[in-house]
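Spelled out from the first residue to the last, the chains are:
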Amino acid sequence: MNVRLPAAAALIALGLTACSGPAAPAPVGDALSGTIVVYAAASLTATFTTLAADFEADHPGTTVTLNFAGSSDLATQITEGAPADVFATADKKNMAKVTGAGLAAGTPMDFATNTLEIAVPPDNPAGVTSLADLASAGVTTVVCAPQVPCGAATAAVMATAGLSLTPASEESSVTDVLGKITSGEADAGLVYVTDVRTAGDAVLGIEFPESSSAVNTYPIVAVTDGALAAAFVEYATGSAARDVLAAAGFGAP
Amino acid sequence: MVGAALVVLPLVAIVARVDWAHFVPLITSESSLAALSLGLRTSLAATALCVLLGVPLALTLARTSFRGQRILRALVLLPLVLPPVVGGLALLYTFGRRGMLGAPLRELGVDIAFSPTAVVLAQTFVAMPFLVVSLEGALRTVGTRYEAVGATLGARPTTVLRRVTLPLVLPALVSGAVLSFARALGEFGATLTFAGSLQGTTRTLPLEIYLQRETDPDAAVALSLVLVVVAVVIVAVTYRGRGSLMGRTG
Amino acid sequence: MTLSLRLRVDTRDVDLDLQVAAGETVAILGPNGAGKSTLLEAAAGLVRPDAGRAELDGRVLFALGSGEPDRWLPPHERGISLLAQEALLFPHLSVLDNVAFGPRSAGASTREARRRAAEWLAEVDGSEFADRRPGGLSGGEAQRIAVARALASEPRLLLLDEPLASLDVSVAPALRRMLRRVLAGRSAILVTHDALDAYTLADRVVVIEGGRIVEQGATRQVLERPRSAFAARIAGLNVLAGSRTADGLRLPDGTGITIGDPAPAPLGAPVIAAIRPLAVTVDTAPAGRATDAPVGRTTGLTARLDNTIRGTVHDLEPRGDVIRVSSGLLSADISPAVAADLDLAVGDTVWFRFDGADAVLYPAGTGSGHQK
């Protein structure tokens, strides 16, 4: 029944030749249906919500259920047997935990990259303009702790720039770093470009050249064998998804 | 019994997960010791602050009556039921660099942000209700009759407070302080939101556990066990305290 | 005059005026809720009256709404100690330090306070308890220590709120004797429900009902010829309420009672007759026999048993050398021989008889000279 409905819709659309709807009907013979569960890194919340909605619109009869959390939490949940069909992480390390456990149904594909950016309060009270400013004495800087991915990236760019940082705080998540900046507690912090984009007017982003030394790559993989999971992975790595991701600040892999 | 299982099983589960072979090295690593030491120091300071601020508050609630007293009591107890992260945000907007008190304090050269002082404030905020509740309850139970006797024997109010009221509620004061200490030691949300997380400065034991979880779950489990043991000891001590209180006045 | 006390507490409908002479012990009698505790609390400074004035040894304790600027002395500056029904010894202090509490509070050194405390402990035969915690003491022992503690603060006035009420009957007499000794020559106010306490300890009795003084006078006079229903009950008298008739009163059930000494009350007004149980006799038939004269006649050799009231025996209780026969309305104390003769049992119908000359009649609810 689910198979026939899109076909019937297509026939009706073809019959009404004068009418050209905004959305192209799904190709006749599209056999996709059912529900998949996608586990995605928290930083993908906005983009994957859009991608899932677009995917469902393209394939009527399908439902994409999303579960967002930190990459390491998700990896732990999947290895403990959580019912995920697709897994998208913010780093390769946590992806490796799942593939290493033999839980992936395919080879992970990189679909986005993310780089660090300096975030400051909108009025930039400390007058920060470069990465070197974060290391100067009068600037209260907050970064991620080295144990978490954004902190590892921070350590990498600092090493590249030859700077040594004495942060006021080493937070355990990007959200906590952003919180300290939006509240004005800190003068500057290092977060991802996409985080600055999401925060909107609450923070000001300052690009810096050294960010290229720590590019975070986002891989995605199907966890279960199924046409729908494979189709979603294909969609997320395709050009339509690329536009959505780019709008959010993600780079191409 | 199901209720007991719900409480006991997770404790058993975490004990089962402990990597005993490396337990001592895990809890004596530099970062663990720094977190433990900071946690103990800030919790002791927070407990002292709880006693200093909580005793007058409990006395006010138990021994006087004024308009809005019930509202004040409800507000004082609020941190008990408030998500700690909300408490952290509230503290941020009060004592933060741009906060109601934080901004003027900063003008005076006092910067609370990212300092152990911020940790102590967060801990005191969430822990004080334990002391106030415990003490106010005891003050109401003891009643005012002994205080009246003291006054008619010629003792001025400060003498009555020192020689009658406080000794009578001492067991409750101690157990309230111990509970406050335990709550301060375990405080996570408000500290994370308000004080930040830096080894040796603001990263207390729960924050260290939260961070270690990312890279070294074994260390996180080992440190969790330390907190569980501290909690068990404190609950045991508190209950024994209650028992002796009943024995003395009963 | 040591104490003069006038106070009004509107919420408790209390309006009292009381004097205590130097060295005098005044017993306050009255039903529960009459205002006795309010009186003590106001004197001690634990309750603030709406209006009134009190002076102790020339010092103003309080003056509220009395024309002069309001004054209120806090409890610890009054020199008034309060001894309650419960000993309320501080549980965290030793017995000696409990007694030393007053002297310490007055500024004595620990050593001096303990020396004085030891003296007072000896005075109440409590020296052996000095190092004990109050928790292990019996009620009577604790109350003795409480007396020592109250006296050790050297009060100008001692307030006693039913100090023997919660004690076992076996220990009350000893403590009563001790109180009699220490109250001699002291100014004190004693609230009690017990005629024996009043007889033993008080020079004067004040009866309070409904927040007002209804009767006062020398202890013996008040208790032997009470003018108030409450004092009559305290004194163990039968109390009959009715309306005034030409020769006595009429009970609600229509029974007429003849009284030898009619009170000055208008005909039809509510009145009360009081008669001692010893002056009442009991029979199992309405017509009396010659042998059943009351055990205790007070007004002459031959009884004119001109009053008869029918009742049902509710209780038979041996009291020393008499048996008390009680119905809901009357009690009679009869000799065991008569009781055996009558073969009384609970539930029997009996006829109580007494001579009107043995009863006292007075207006209901008020005492002489204290009309509301």
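All values derive from a computational prediction rather than experimental measurement.

Engineer: Would you mind going over the overall build of chain C in detail, with residue names and values included?
Structural biologist: Secondary structure assignment for chain C yields nine helices and 22 strands. In terms of overall dimensions, chain C has C-alpha extents of about 75 × 50 × 30 Å along its principal axes. Taking all 372 residues of chain C together, 53% fall into the buried category. The long-range share in chain C, meaning contacts at least 24 apart out of those at least 6 apart in sequence, stands at 64%. A total of about 16,000 Å² of accessible surface is found on chain C, and carbon and sulfur atoms cover 48% of it. A distance of 4 Å separates the average location of the 41 positive side-chain charges in chain C from that of its 46 negative side-chain charges.

Engineer: Tell me about the interface of chain A and chain B, and name the residues and values.
Structural biologist: Contacts between the two partners involve 24 residues from chain A and, on the opposite side, 18 residues from chain B. If you sort the residues of chain A by the area they bury against chain B, Gln147(A), Ser172(A) and Glu185(A) come out on top, with a joint share of 32%. The salt bridge involving Arg98(B) is made with Asp123(A); its shortest N-O contact spans 3.4 Å. Between chain A and chain B we count 10 residue pairs in polar contact (both at pLDDT 80 or more) in total. For the side of chain A that touches chain B, the secondary structure elements donating two or more residues are helix H3 (71-79), strand S7 (169-171) and helix H7 (174-182) of chain A.

Engineer: Quick one: what's the story with unusual backbone geometry, residue by residue and with numbers?
Structural biologist: Residues and elements named next belong to chain C. The phi dihedral of Asp 125 falls on the positive side, at around 55 degrees, and the residue is not glycine. Turning to its location among the elements, Asp 125 is positioned in the loop between helix H3 (110-123) and helix H4 (139-152). Phi at Glu 154 takes a positive value of approximately 50 degrees, unusual for a residue other than glycine.

Engineer: Summarise the sheet that holds strand S19 (residues 322-326) of chain C; cite the residues concerned and give the values.
Structural biologist: Residues and elements named next belong to chain C. With antiparallel pairing, three strands are arranged side by side in an open sheet as S18-S19-S20. Each edge of the open sheet is held by one strand with a lone partner, namely strand S18 (315-319) and strand S20 (331-334). Within the sheet, the average angular offset between the axes of one strand and its neighbour, ignoring direction, is 25 degrees. The pairing of S19 with S20 spans four bridges and is classified as antiparallel.

Engineer: With reference to specific residues and values, describe the side chain of Thr191(B).
Structural biologist: All names here are of chain B. Take Thr 191: it is sitting in helix H11 (residues 189-194). For Thr 191, a relative accessible area of 0% puts it in the buried group. With residues near it in sequence (within four places) discarded, Thr 191 still touches Val 119, Ala 122, Gly 196, Thr 202 and Leu 207.

Engineer: For empty space enclosed by the protein, give the residues involved together with the corresponding values.
Structural biologist: Scanning the model with the defined rule gives three cavities of 30 Å³ or more in all. Reported here for the largest cavity is a volume of approximately 70 Å³. Residue lining of the largest cavity: Val149(B), Thr152(B), Leu153(B), Leu82(C), Leu83(C), Ala84(C), Glu86(C), Ala87(C), Leu88(C), Ala146(C), Arg149(C) and Ala150(C), and that is the complete set. Put simply, the parts of the chain that give the lining of the largest cavity at least two residues each are helix H8 (145-152) of chain B together with strand S7 (80-83) and H4 of chain C. Per-element tally for the lining of the largest cavity: the top contributor is H4(C), with three residues.

Engineer: Kindly report on a nonpolar patch on the surface, identifying the contributing residues and their values.
Structural biologist: Residues Leu6(B), Val7(B), Val8(B), Leu9(B), Leu11(B) and Val12(B) make up a contiguous nonpolar surface patch of about 570 Å² in total accessible area. You can see Val7(B) is positioned in helix H1 (residues 2-17).

Engineer: Pulling in residues and values, what's your account of the interface of chain B and chain C?
Structural biologist: Of the residues lining the interface, 18 residues belong to chain B; the matching set on chain C comes to 22 residues. Both sides of the chain B and chain C interface together cover about 1,900 Å² of buried area, and 65% of this is carbon and sulfur. The largest per-residue losses of area from chain B upon contact with chain C belong to Thr152(B), Leu153(B) and Arg163(B), which jointly make up 39% of the total buried on that side. In this assembly, chain B and chain C are joined by one salt bridge. Notably, a salt bridge pairs Glu86(C) with Arg145(B), separated by 2.7 Å at the nearest N-O pair. Our count for the contact surface shared by chain B and chain C stands at three residue pairs in polar contact (both at pLDDT 80 or more). Sorting the residues of the side of chain B that touches chain C by element identifies H8 and helix H9 (157-168) of chain B as the ones contributing at least two each. When residues of the side of chain B that touches chain C are assigned to their parent elements, the largest contribution, seven residues, is made by H8(B).

Engineer: Please give an account of the pattern of salt bridges that cites residues and values.
Structural biologist: Under the definition given, this model contains 33 salt bridges over all chains. Across the pair Lys92(A) and Asp110(A) runs a salt bridge whose closest N-O atoms are separated by 3.2 Å. A residue pair is termed long-range when its members are at least 10 positions apart, and Lys92(A) in helix H4 (residues 92-100) and Asp110(A) in strand S4 (residues 109-114) qualify at 18 residues. Here Lys92(A) falls in the partly exposed class, since its relative accessible area comes to 48%. Residue classification places Asp110(A) among the partly exposed positions, given a relative accessible area of 33%. Residue Glu41(C) pairs with Arg12(C) through a salt bridge whose shortest N-O separation is 3.4 Å. Within this pair, whereas Glu41(C) is found in helix H1 (residues 36-44), its partner Arg12(C) is found in the loop between strand S1 (3-9) and strand S2 (14-20), the two being separated by 29 residues in sequence. Among the residues examined, Arg12(C) registers a relative accessible area of 41% and is labelled partly exposed. Among the ionic contacts, a cluster of salt bridges with common partners joins Glu112(C), Arg115(C), Arg116(C), Glu119(C) and Glu154(C).

Engineer: Pulling in residues and values, what's your account of the domain arrangement of chain C?
Structural biologist: Domain boundaries assigned for chain C yield domain 1 (3-224) and domain 2 (237-368). Placing a centre on the C-alpha atoms of domain 1 of chain C and another on those of domain 2 of chain C gives a separation of 38 Å.

Engineer: For the packing of helix H2 (residues 95-105) of chain C against H3(C), give the residues involved together with the corresponding values.
Structural biologist: Residue and element names in this part refer to chain C. Across the interface, H2 lies against H3 with an axial gap of 8 Å and an inter-helix angle of 115 degrees. The handedness of the crossing between H2 and H3 is right-handed. The segment H2 lies against H3, with Val 95, Leu 96, Asp 97, Val 99, Ala 100, Pro 103 and Arg 104 engaging Thr 110, Ala 113, Arg 114, Arg 116, Ala 117, Ala 118, Trp 120 and Leu 121. Split into classes, the residues belonging to the contact of H2 with H3 amount to 10 nonpolar, one polar and four charged.

Engineer: So, the sheet that holds strand S10 (residues 216-222) of chain A: which residues are in play, and what are the values?
Structural biologist: All names here are of chain A. In space, the five strands of this open sheet follow the order S2-S1-S3-S10-S4, with mixed pairing throughout. The two strands at the open ends of the sheet, each matched to only one other strand, are strand S2 (62-69) and S4. Pairwise comparison of adjacent strand axes, ignoring direction, gives a mean angle of 20 degrees for this sheet. Here strand S1 (residues 34-41) pairs with strand S3 (residues 86-88) via three bridges, running parallel. The residue of S3 that forms the bridge with Ala 40 is Ala 88. This element, helix H2 (residues 45-58), spans S1, S2, S3, S4 and S10 of the sheet and lies at about 175 degrees to S2. Sheet strands touched by H4: S3, S4 and S10. Its angle to S10, the strand with the most contacts, is close to 25 degrees.

Rules used in this analysis
- Residues numbered from 1 in each chain as written.
- Chains lettered and ligands numbered in written order.
- Predicted model: local features only at pLDDT ≥ 70, side-chain atom pairs only at ≥ 80, totals over all residues.
- Heavy atoms only, no water.
- Helix = DSSP H or I, 4+ residues; strand = E, 2+ residues; numbered from the N terminus.
- Buried < 20%, exposed > 50% of the residue type's maximum accessible area, 1.4 Å probe, protein only.
- Contact = heavy atoms within 4.5 Å.
- Areas by Shrake-Rupley, 256 points an atom, 1.4 Å probe, with all protein chains shown as cover.
- Lys, Arg positive; Asp, Glu negative; His and termini not counted.
- Charge placed at Lys NZ, Arg CZ, Asp CG, Glu CD.
- Buried area = accessible area lost by both parts, 1.4 Å probe.
- Salt bridge = Lys/Arg side-chain N within 4 Å of Asp/Glu carboxyl O.
- Polar contact = N/O pair within 3.5 Å; in protein donor to acceptor, adjacent residues only side chain to side chain.
- Pairing = 2+ DSSP bridges.
- Axes fitted to C-alpha atoms, helices over the stretch in contact; angles between N-to-C directions.
- 1 Å grid on protein atoms, 1.4 Å probe; cavity = no way out; pocket = protein on both sides within 12 Å on 5 of 7 lines; lining within 4 Å.
- Points joined across faces, edges and corners; volume = space filled by probe spheres on them.
- Patch = residues over 30% accessible without salt bridge, like charges linked within 9 Å, V, L, I, M, F, W, Y side chains within 5 Å.
- Domains from an automatic or database assignment.
- Left-handed = near helix turned anticlockwise from the far one by under 90°.
- Nonpolar A, V, L, I, M, F, W, Y, C, P; charged D, E, K, R; others polar.

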